[in-house]
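Single-letter residue listing:
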Amino acid sequence: MTTTMTATFTYSHTVGFLAYRGRGFIHPVDLTLGGNGVMYVLNRGGAESVTRLDLKRVCVCTADEGYIGEWGTGGTEDGQFWWPSAIVRTGDGSLYVADEALQRIIVFSPEGEFIRHWGEVGDAPGQINRPADIAVAPDGSLLISDGMNHRIQRFTVDGEYLGGWGGYGAQAGQFNTPWRLACDADGNVFVADWRNDRVQAFTPDGRFVGQWGVSGDGKGQLNRPSSVAVDDEGYIYVSDWGNERVQIFAPDGEVAAILLGDATTSSWADDYLAANPDEQRARREADLAPAVNPWRDHRRETSAGVEKFFWGPSAINLDAQGRIYVVDSCRHRVQIYRKNS
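Okay, so let's go over this structure. This structure is a prediction, so every number in the text was calculated from the model and none was measured. (Residues numbered from 1 in each chain as written. Predicted model: local features only at pLDDT ≥ 70, side-chain atom pairs only at ≥ 80, totals over all residues. Heavy atoms only, no water.)

## Here we look at the sheet that holds strand β6 (residues 84-89)
With respect to topology, 4 strands assemble into an open sheet ordered β6-β7-β8-β9, the strand pairing being antiparallel. If you trace the sheet from one side to the other, it starts and ends with β6 and β9 (114-118), each paired once. Strand-to-strand, the axes of this sheet are offset by a mean angle of 20°, without reference to chain direction. (Pairing = 2+ DSSP bridges. Helix = DSSP H or I, 4+ residues; strand = E, 2+ residues; numbered from the N terminus. Axes fitted to C-alpha atoms, helices over the stretch in contact; angles between N-to-C directions.)

## Some points on the pairing of strand β20 (residues 245-249)
β20 sits mainly inside the fold: 5 of its 5 residues count as buried. By the alternation rule, side chains of β20 split into Arg245, Gln247 and Phe249 and Val246 and Ile248, which are all buried. One ladder, built from 5 bridges, connects strand β19 (residues 236-240) with β20; its direction is antiparallel. Residue pairing across strands places aspartate 240 opposite arginine 245, the latter belonging to β20. (Buried < 20%, exposed > 50% of the residue type's maximum accessible area, 1.4 Å probe, protein only.)

## Points about the pattern of salt bridges
Taken as a whole, this structure holds 19 salt bridges when the rule is applied. With its nearest N and O atoms 3.3 Å apart, the salt bridge here joins arginine 130 to glutamate 100. Residue arginine 130 is found in the loop between β9 and β10 (131-136), and its partner glutamate 100 is found in the loop between β7 (95-99) and β8 (104-108); the two are separated by 30 residues along the sequence. For arginine 130, a relative accessible area of 29% corresponds to the partly exposed category. On the basis of relative accessible area, glutamate 100 is assigned to the buried category, the value being 12%. Among the salt bridges present, the one from glutamate 233 reaches lysine 339, with a minimum N-O distance of 2.5 Å. Residue glutamate 233 is found in the loop between β18 (225-230) and β19, and its partner lysine 339 is found in strand β24 (residues 333-340); the two are separated by 106 residues along the sequence. Each of Arg21, Arg57 and Glu70 takes part in salt bridges that share partners, so that together they form one network. (Salt bridge = Lys/Arg side-chain N within 4 Å of Asp/Glu carboxyl O.)

## Let's talk about unusual backbone geometry
Phi is positive for histidine 27, which is not a glycine, with a value near 50°. Locating histidine 27 in the fold gives a position in the loop between β1 (8-15) and β2 (28-33). The phi torsion at glutamate 244 lies on the positive side, around 55°, for a residue other than glycine. Examined against the element boundaries, glutamate 244 turns out to sit in the loop between β19 and β20.

## Focus: the packing of aromatic side chains
Inspection of every chain in the model, using the stated rule, returns 19 aromatic pairs. With a centroid separation of 5.9 Å and an interplanar angle of 65°, the aromatic rings of phenylalanine 155 and tyrosine 161 are classed as edge-to-face. On the basis of relative accessible area, phenylalanine 155 is assigned to the buried category, the value being 1%. Both rings, one in phenylalanine 310 and one in tyrosine 337, keep their centres 6.2 Å apart while their planes meet at 50°; by these two values the pair is tilted. Placement of phenylalanine 310 in the loop between α3 (299-305) and β22 (313-318) and of tyrosine 337 in strand β24 is noted, with a sequence separation of 27 residues between them. Across the pair, exposure class does not vary: phenylalanine 310 and tyrosine 337 are buried alike. (Phe/Tyr/Trp six-rings, centres within 6.5 Å; stacked < 30°, edge-to-face > 60°.)

## Quick notes on the sheet that holds strand β21 (residues 255-259)
Pairing within the open sheet is antiparallel, and its 4 strands lie in the order β18-β19-β20-β21. Here the strands that pair on one side only, and so sit at the sheet edges, are β18 and β21. The average undirected angle you get between the axes of adjacent strands in this sheet is 15°. As paired strands, β20 and β21 are joined by 4 bridges and run antiparallel to one another. When the bridges of β21 are listed, valine 246 appears paired with leucine 259.

Interpretation in functional terms is not warranted from these geometric data alone.
If you want it as structure tokens, here you go:
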């Protein structure tokens, strides 16, 4: 007899709210995890970041809402960002940030001190064009989703090219603007193939294994998937960006859960509102959960109008405690869920 694995997923809490500096985020696009629940949240900033370069930064905090500090700033000099798109932590604690505009990978110490950068723009093997994400493979190498070259490339931590696969198209093993990617414990690679509205899986050497999703907004369908993660039981987590939700696929390919967002205010937001009674009063009087007609209202408009929902989910991360971190970019926060096996 075959036993089917089942799991449920429960909302835990929210970290963050809109803040230009200090305890809070502004258009976070990605995060990476350290030990003891430490989160490194990469903030890209909004329209104001063209003139307020200090909005582009990494906020260091914990999953239980402890604030540690921040580092980084916008610019084009060594150690600065312009369009930061992804952040990852390697085994030695170093932090790697991909920058789509500067066409490079920037390396920082665990404390945020600039170490080096590497990357050359182009379409030849080893060159990059709009790097969208970085993942650490089990062997310690780095995988980069090379967005505008429509491929995945593998490098050493020092930027030495090791190989790659892909190319523009919609056939198996091809990509149309791949966004985020993830590895499982065996080194298999999962790619959010953004404009093809699917997730593809590959062996460590780039051989196509399978895919999930087709274009649409129904159960199991995807609309511009932005991120993917896989846990040790084989569940696949997809931030279904265009549908403003997270879909979780079971190992058999069936949809195990669909998360729309359940955010409550963070303790940081509570502290801010307590110190600003006029805003607190306006919030109490506002309708934060207006009635919506799912058959009439576009999903994006619904998410924009109901505060607890995801609005622009751009990245997903998992930790060893079964927590699921969803970067909720347009609402400047991270929603955390738990997996219940």
